[in-house]
Amino acid sequence: MALIDLVLLKARLGKLAGRFDVDALESCDSTSSELMRRAESGAPAGTVVVADRQEAGRGRRGRSWLSTPGDSLTFSVLWRFPGPLARLGGLSLAVGVALARALESLGATAIGLKWPNDVLLVLPDGQAKLAGVLVELVSDRRGCQAVIGIGLNLRRPPEALPQPVAGLDQAGLTGVDRHDLLAAILRELAGVLDVFASDGFAALRSAWQAHHVWQEKPVQVLGEGDAPLPGNCLGADDDGALLLATAAGIQRIYSGDVSLRPVEAGTWGGA
Ligand code: BTN
């Protein structure tokens, strides 16, 4: 039997239960791949697939997403948006705002966001990744739909990973009930996605920037195969692009990985 009990989840969702159609699986390849297949067969907006175990969990930029059954919450949500795909820039940032609000509503502290899709725990000596968001878009004649995949560590994964990772227990949420957690996230997601659908990321930008860990900090952006681009991070624009003040002026970054840049004597220090 799957770890999520749909009766318990429904009770916690209260009035919002009608907006979501949740299926809880013990195992699948990837909740996002499963939901994508269901979307292609006509699954309605608000369909959610949550799985205890993913055999082929996917991360951003072709990476894999490893999660430990019992120690993580992995799920995907299908949502429809009016208008063209171009209006959906900033959706993964908006989802980050919903995640930060949900975790804080349960009492978590020191939650930060990193462009474009990471939820972090801010520690005295750096940051560690708590959750990742993978947004995949499909458009058809009815408009566009997004499969929003979320992977959240309840406890720190034991395996060594390329970047520091943390669990919710380190954010003050030891032993959080996964039904409370999923219900809080779906509640905040519904609110944020409604705002995003009507007013775009612009309406959520200041909330995102309030959590942005590298706001006004020296960073470097690593794109595919490019040399790192140094600059000072100015936040995100209304479309969700990262604003980077570089030696050549302000640049809009649409994809890449951002990391903090050690400021060395004699290198350009930013605008
Ligand atoms: C990232 O940080 O690279 C994004 C990770 C997203 C992982 C989640 S887990 C649930 C959903 N199913 C997947 O295969 N991926 C997303």
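Enquirer: Please provide a residue-by-residue account of the site of the ligand, values included.
Expert: As a structural note, the neighbourhood of the ligand is formed by 20 residues, with Ser30, Gln54, Arg58, Arg60 and Lys129 the closest of them. One nitrogen or oxygen atom from the side chain of Ser30 is found 2.8 Å from an oxygen atom belonging to the ligand. One of the backbone nitrogen or oxygen atoms of Arg58 is found 2.7 Å away from an oxygen atom of the ligand. Coverage of the ligand by the protein amounts to 98% of the 410 Å² it exposes when considered alone. Those elements giving two or more residues to the shell around the ligand turn out to be α2 (31-40), β3 (72-81), β6 (126-140) and β7 (143-153). Ranked by residue count, the leading element in the shell around the ligand is β6, at four residues.

Enquirer: Could you give an account of the packing of aromatic side chains, with specific residues and numbers?
Expert: Overall, the coordinates contain two aromatic pairs when judged by the stated rule. Pairing Phe20 with Trp79 gives two aromatic rings, centres 5.9 Å apart and planes at 40 degrees, and the pair type is tilted. Taken together, the residues span a long stretch of sequence, with Phe20 in the loop between α1 (6-13) and β1 (21-28) and Trp79 in strand β3 at a distance of 59 residues. Each of the two residues, Phe20 as well as Trp79, counts as buried. Between Phe81 and Phe196 the ring centres are 5.7 Å apart and the planes differ by 80 degrees, which places this aromatic pair in the edge-to-face class. Taken together, the residues span a long stretch of sequence, with Phe81 in strand β3 and Phe196 in helix α4 (residues 178-199) at a distance of 115 residues. Phe196 matches Phe81 in its accessibility class, with the two residues each being buried.

About the cut-offs
Each chain has its residues counted from 1, following the order in which its sequence is written. Only residues with pLDDT of at least 70 are given local features in this predicted model, and only at 80 or more are side-chain atom pairs given and counted; all residues enter the totals for whole chains, interfaces and linings. Here the side-chain values reflect all heavy atoms present in the structure, with hydrogen atoms and water set aside. Residue proximity to a molecule or strand is established when one non-hydrogen atom of the residue lies within 4 Å of it. By the criterion applied in these results, polar contacts are pairs of N or O atoms within 3.5 Å in which, for protein atoms, one can donate a hydrogen and the other can accept it, and in which residues neighboring in sequence qualify only through two side-chain atoms. For every accessible area listed, the method is Shrake-Rupley and the probe measures 1.4 Å; residues are considered covered only by the protein chains on display. Only DSSP runs of H or I reaching four residues or more are called helices, and only runs of E reaching two or more are called strands; each is numbered from the N terminus. In this analysis, rings of Phe, Tyr and Trp, with Trp reduced to its six-membered ring, are considered paired at centre separations within 6.5 Å, and the interplanar angle assigns stacked below 30 degrees, edge-to-face beyond 60, and tilted for intermediate values. Any residue under 20% of the maximum accessible area for its type is buried, any over 50% is exposed, and the rest in between are partly exposed; the area is computed with a 1.4 Å probe on protein chains only.

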